[in-house]
Structures are given as C-alpha cells and as structure tokens.
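Chains, contacts and geometry: an overview
Given next are the chains, with one letter for each unit.
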Amino acid sequence: MIELLLLKSRCSFHCSFWVILSYFINGFSAILGPTVSRNWKKIRMARSRVAILIMGVVLWCCLTTPAKAEYMKYKDPKQPIPVRIQDLLDRMTLEEKIGQMVQIERKVASADVMKEYFIGSVLSGGGSVPAPQASAETWINMVNDFQRGSLSTRLGIPMIYGIDSVHGNNNVYKATIFPHNIGLGASRDPELVNKIGAATALETRATGIPYAFAPCIAVCRDPRWGRCYESYSEDPQIVKDMTDIIPGLQGNIPTDSPKGVPFVAGKNNVVACSKHYVGDGGTTKGINENNTVIDWQGLLSIHMPAYHTSIMKGVSTVMISYSSWNGIKMHANRELITGFLKNTLGFKGFVISDWEGLDRITYPPHANYSYSIQAGIHAGIDMVMVPYNYKEFIDGLTFHVKNNVIPMSRIDDAVRRILRVKFVMGLFENPLADNSLVDQLGSQEHRELAREAVRKSLVLLKNGQSLNRPLLPLPKKTSKILVAGSHADNLGYQCGGWTIEWQGFNGNNRTIGTTIVAAIKNTIDPSTNVVFKENPNAEFVKSNNFSYAIVVVGEHPYAETDGDSMNLTIADPGPTTIRNVCGALKCVVIIISGHPVVIEPYLASIDALVAAWLPGTEGQGVADVVFGDYGFTGKLPRTWFKTVDQLPMNVGDPHYDPLYPFGFGITTEPTTRQSDDNPFLSISSYFN
C-alpha cells in the first residue's frame, strides 16, 4: 500500500500530503502496538479500514488533480502562425502528415475513419447530401460528427469540409441560387459579384461548411465547352474583374497583408478556391478535359491573369485542371504548379487536385496509380481529392516516401500549406459549427440580391422589327397574353447544372424559387389574363386573340462533359414553339442557356430577343425588366455566333463575323407604362 501511495504521490501536493499521513498512521500503530496487544485484532481491522480510506482518497485526488499540461505552441492563438505551423509539423508522424493531404467524399467518411486515418478534409461532390431536402441543422450535425472524429486524434488537428458553392450553396435545399457566372459576366459589375460572394459565404457557413470550391476563373474561348457557363467571359479582363468575388467569399484582405498569403476574415467567411489551373477554357473544340494548344505568351495573356489577381486578393486554395497544356497533363505539370504558381506568383495557400484528378494523369484513368501519385505530388499538389479509394492513395504515398521516391521535404511543404490555411481561417479555435447562421440560408435579403443579379445579367439582343417601334418593355395591362415554352415554368431548367444535383434537375419540386411564368403573373395587372401553354400549336395561338406572347425556351441542364456540344441548339420542342407562336403573334423570346445557341434561323420571326443565361431561383428578376420596372443593361460576355462552323471565334480574331458581337446589348430605360396606349421608349444600342 505504501509503495502505491508513493507512486501516486507525484500527482500533486495534495497527494503528497496523504502519503505523509499514511506514514504517520503506520508508525503510530507500530508504537502503540505492545500496549494494546489485547485489542490487536480490533486495531488491525481499524487500521485496514483507515488504509483503504486513505488509498481511495489518494486515488481520487490523483485522478481529479491533473498534472501540469505540456505547453503546445500550435494551440496558442497568440503565437505567430509560422511558429504554430512549425511546432505542429515537428510533432507529426508521417502517417499524420499524409492524412492531412487527403480529401474524401462524405459518403465514405465517418468519425472513426477521420480518427483512424487522420483525414485532413471531407467534401460533398455534386448532389452528395446527408438526406433529401436536408435542413441546415442536418448538414451541421453531419459536419460536426466528422469533425469530432478529427479532434479526437492525438494532435486534434481539425478537418476542413468543402463543397461546390459555385452559384450559391447550390447543393442545398432552399438555398438562394444565383445566376451562373456567364450571366454575372454580362452584368459587368464586380461590386455585385463581391456581394454575391459574401452572401454565398453566409449560406455555405449556415450549413456548417467553411470551404467553397469557387470561383471558376476559366476564360472560355469556345462555347462548345460544357463548362462555358462557369466562365465569366471570353475576355480575360472581365474574368480578372470578377475575381472580386474572392474578397466577398473570404473577406477583404488587410492592406498590410503579405502578398500571396491566404486570408479568411472569420466565421462568416469561407475559404475560396480559384479553378481550374490553368487553361481549362481553351481546349481544342471546347472538349472538356482536353488539350489546350497555346504558346507560353498566349497562356500568360489569356488564361493566367485572373490567377495572379486571385493570389493578390488572398485566395486560399487553387484547384488544378483536368486538361492538358500542349500535351502535358496539368495534374503532373511541375513547371506550372511549383515553378510558376508557387515560386513565381508566390502562392502560399494549398493546391488541391480535382475529383480523382491523379487517376486521370494516365489513360485510361487509374491505369498506373502508383505513377500518378508520384507525378501529382512531385508536381506540387498538396491536397488530393481522392473521394473513395483513400486507403490506396495513403498506402501508395507512404511507400513512395519511405523509399525516397518522394522526399519528406515535399510532404512537409504540402502539410505546411494546408495547416497555414487552417490556422488563417481560425479552424483550430472554432472547429465546430453552430446554428447561429441557419437563418441566412435562402434569406429574403439574399433572394433580393439574386433578383438584382438576374436583372443586371439580362442582355437584350433584339427589340422590335425596327428601332422606332420597340416591343419591350411590355405593357402590364392588356386583355390576354400567352406564355409558352418548356422553360417558362421549370425551376430546374432556369437554374441549370450544379443545382441540387450535379447535372441539375427538371421541374419545380426540388428546391424553392420563382419560375418565370410565376414572376409574370406576379407582375402584370390583375385584370390581364395570363394563359400558359407549354407547346401550343399554331391553331391555338391564332384562335385566342392574344395581345402578345412570351416564349421561354433553351437548353436542358448539364454539367462538365455532359454539356459538351458540337451543335449548340435549343432543346426540342423549343424551335417548334418559336415557329408556332412567333409566326402568329408579337413575341418576346427569352433564351435560357449556358452559352450562345443557334438562333439565326428563327430571328426574322422574333420581335424581341433576350439572353437570360441561367438565372437561378429568382425568376422575378426577368419579369422586372421585361415589364419595364428596370431597364436592360447587360452586355454580351461572349460573342454570339451565326453558325457553329465559325467556332472557335472570339473578339479580335481575323475571321470575326458574329451575329451579335462581344459587348453588344440594347439598353432601355425603366418605364411605368401600363398599357399599349403609351408606346414611347428611350432605347440605345452600344458596344463595349
């Protein structure tokens, strides 16, 4: 017993006191022993009881009085971030370092997986949700469950959760869906885009997620590319201007902040990600993940400027493109990732792969994964989006490091960059999300902002058969109007891809918003009869004595390679609807699309033509402008071709002969006109 007490005495002063007391009792009993021999049994029993009591008290004392904790600099927010990074890095094993470099899909994540493999990040792929129509609280609980697994590891390094918030928090039910980037490019309004970034950050944080894979700063040079709507423009300058979304997402970088160092202002902001580095918008024939053939000067002047600007604005992460540059896969291009992005441009955040990006270094994908790991990590990729086969990646990278194929210095560089972002964003101090921002999801303020963005993104391409007789804005008060077209009453179609599902959706029951036909009914005079018929025949149109018609047609939703198109046509029965309606009535045609589409064959019969792009959930913004509460101000962010045979064709090309040139857009003034009795409208057409 005494030996046990001595062992426990190191716990604290209190424990030492009880040890001394036990010595005293033992000694006292020995002295009194001869004089009380008659009662020896009683004394021994009492002594045993006292000893047991003392031992219990000692054990309780030792367990409840902790030893002085070791001071760990990385846990001290008062320490400079470089000091915290180095302190933590020095404590990490190879297993813990490699774990930080891994990002897995939520479908295979769990608290146990996070703890066992020291996973550094989790993501939701397109459409990957904890439950259909999951609430913000459900998202938060899921993210926090994963996070608790990370915090229970030896060093307690928090994970970072990422999601494709590319036009709002677009995977999430009830979130505000903003216009896709092509529409924002038409607005020519960096201040608006900055506000959208801030709103997107709040709606993403509302679900407990601190990392958004946005913005896409590709310069789309061929509208046949399936991701062209994710590009702000064919013009590098406009794309540069629109990087103002980054301080919206992350917060405004302090004026004295070192260049190239990531910055995230706080819990209301998210980590941003400029993507896809570099040249993804310049592939041959616009084929997704294809080869961009361009010289060094062309790459620098067209595709690189927005990355330099992003870094100056403190962007925290950069995602690598699936595409190649002159035959070299970007995921394996050390010259451009380490040499130029990190060393020349001075980017200090972390570089992340695209979804299974390492697999696609080879063809067919995953054909030689060991080589792909070596090539990608050597090129300078820091975090690997390896959604499902993370064990294979961990084993492969561990093998390469232990066999000196990949130096430890490369691993330390990757982990240092990942930790830098996590420290900068305050993740160590606030690893768990709470419910304080749940009311930001789909808030009325954000919907009004999205409605404004829709208004500013609309481009008026034609207005009347002659300049002195414009059709728009339409009168709100008239006898009867026809609304037609497959896209007039379809929220999924007007939102496009990357909405609820990766490829988007069809119909009105997957999230909350206002369709264009509903917006028209909200806007017109109560006495005006609105008739909606999706695809009316010519006889129906002629026999109903309509005052005018609004036809809303376009493309069905798509994302990435599924959107690659060599013909760029309006989806059926759109052309038939245009012919049936516009052949008999004054008509406005509103095109819902992710890029310019073939329209010339129908143009003569169309009285007014509006490019609405992919406006998102707030269709009311379309009605606001069509009926004259606001004027048209949008300008084409890219050239509108006559035929696909002209492609690729961008402003400045020798063969430039567009239907509508880059920068075109008819402007109108707001009007309070309520009937056909007041046809006056001030209108001008100009180019940027």
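Relevant structure appears above.
Residues numbered from 1 in each chain as written. Predicted model: local features only at pLDDT ≥ 70, side-chain atom pairs only at ≥ 80, totals over all residues. Heavy atoms only, no water.

1. Describing the sheet that holds strand 5 (residues 273-277)
With parallel pairing, the three strands of this open sheet are ordered in space as 5-7-10. For this open sheet the edge positions go to strand 5 and strand 10 (350-352), each flanked by a neighbour on one side alone. Across the sheet, the mean angle separating the axes of adjacent strands is 25° when strand polarity is ignored. Both strand 5 and strand 7 (residues 317-320) contribute to a ladder of three bridges, which runs parallel. Among the inter-strand pairings, serine 274 is bridged to a residue of strand 7, identified as valine 318. Helix 14 (residues 334-344) rests against strand 5, strand 7 and strand 10 of the sheet, and its axis sits at about 140° to strand 5. (Pairing = 2+ DSSP bridges. Helix = DSSP H or I, 4+ residues; strand = E, 2+ residues; numbered from the N terminus. Axes fitted to C-alpha atoms, helices over the stretch in contact; angles between N-to-C directions. Contact = heavy atoms within 4.5 Å.)

2. Notes on the nonpolar core
Within the largest apolar cluster, 116 residues are counted, with the highest numbers of intra-cluster contacts made by Tyr277, Phe393 and Leu397. For this core, the element with the most residues is helix 17 (residues 408-424), which contributes seven residues. In contact with leucine 397, not counting residues within four places along its chain, are Ile98, Met101, Ile373, Ile377, Ile406 and Ile411. Core analysis: the next-biggest nonpolar cluster, separate from the first, contains 69 residues, Ile481, Val541, Ala549 and Ile606 among them. (Core = buried A, V, L, I, M, F, W, Y, C linked by side-chain atoms within 4.5 Å. Buried < 20%, exposed > 50% of the residue type's maximum accessible area, 1.4 Å probe, protein only.)

3. Some thoughts on the state of the cysteines
Summed over the entire model, instances satisfying the criterion amount to two disulfides. Across a sulfur-sulfur distance of 2.2 Å, cysteine 220 and cysteine 228 are joined as a disulfide pair. Across the disulfide from cysteine 220 to cysteine 228, rotation about the S-S bond amounts to roughly -105°, and the bridge is consequently left-handed. Per residue, the accessibility class of cysteine 220 equals that of cysteine 228, and both read buried. The disulfide bridge from cysteine 582 ends at cysteine 587, spanning 2.0 Å between sulfur atoms. Disulfide cysteine 582-cysteine 587: the torsion about the S-S bond is 110°, which places it as right-handed. The buried category is assigned to cysteine 582, whose relative accessible area is 7%. On the basis of relative accessible area, cysteine 587 is assigned to the buried category, the value being 0%. Cysteine cysteine 216 remains unbridged, with the sulfur of cysteine 220 as its closest cysteine sulfur at 9.3 Å. A relative accessible area of 4% means that cysteine 216 is categorised as buried. (Disulfide = S-S within 2.5 Å.)

4. Here we look at the pattern of salt bridges
Under the defined criterion, the tally for this structure stands at 28 salt bridges. Residue glutamate 234 is joined to arginine 638 by a salt bridge in which the shortest nitrogen-to-oxygen separation is 3.9 Å. Of this pair, glutamate 234 sits in the loop between strand 4 (211-212) and helix 10 (236-241) while arginine 638 sits in the loop between helix 23 (620-626) and strand 18 (665-668), placing them 404 residues apart in sequence. What makes glutamate 234 buried here is its relative accessible area of 0%. A residue is classified by how much of its surface remains accessible, and arginine 638, at 2% relative accessible area, is buried. When the shortest N-O distance is used, the salt bridge between aspartate 413 and arginine 417 registers 3.0 Å. (Salt bridge = Lys/Arg side-chain N within 4 Å of Asp/Glu carboxyl O.)

5. Notes on the sheet that holds strand 11 (residues 384-385)
If you walk across this open sheet you meet the five strands as 4-3-2-1-11, and the pairing is parallel. The two strands at the open ends of the sheet, each matched to only one other strand, are strand 4 and strand 11. When strand 1 (residues 102-105) meets strand 11, the two strands line up parallel, connected through two bridges. Note on strand 11: the bridge partner recorded for valine 102 is valine 384.

Worth remembering: the numbers are spatial, not functional.
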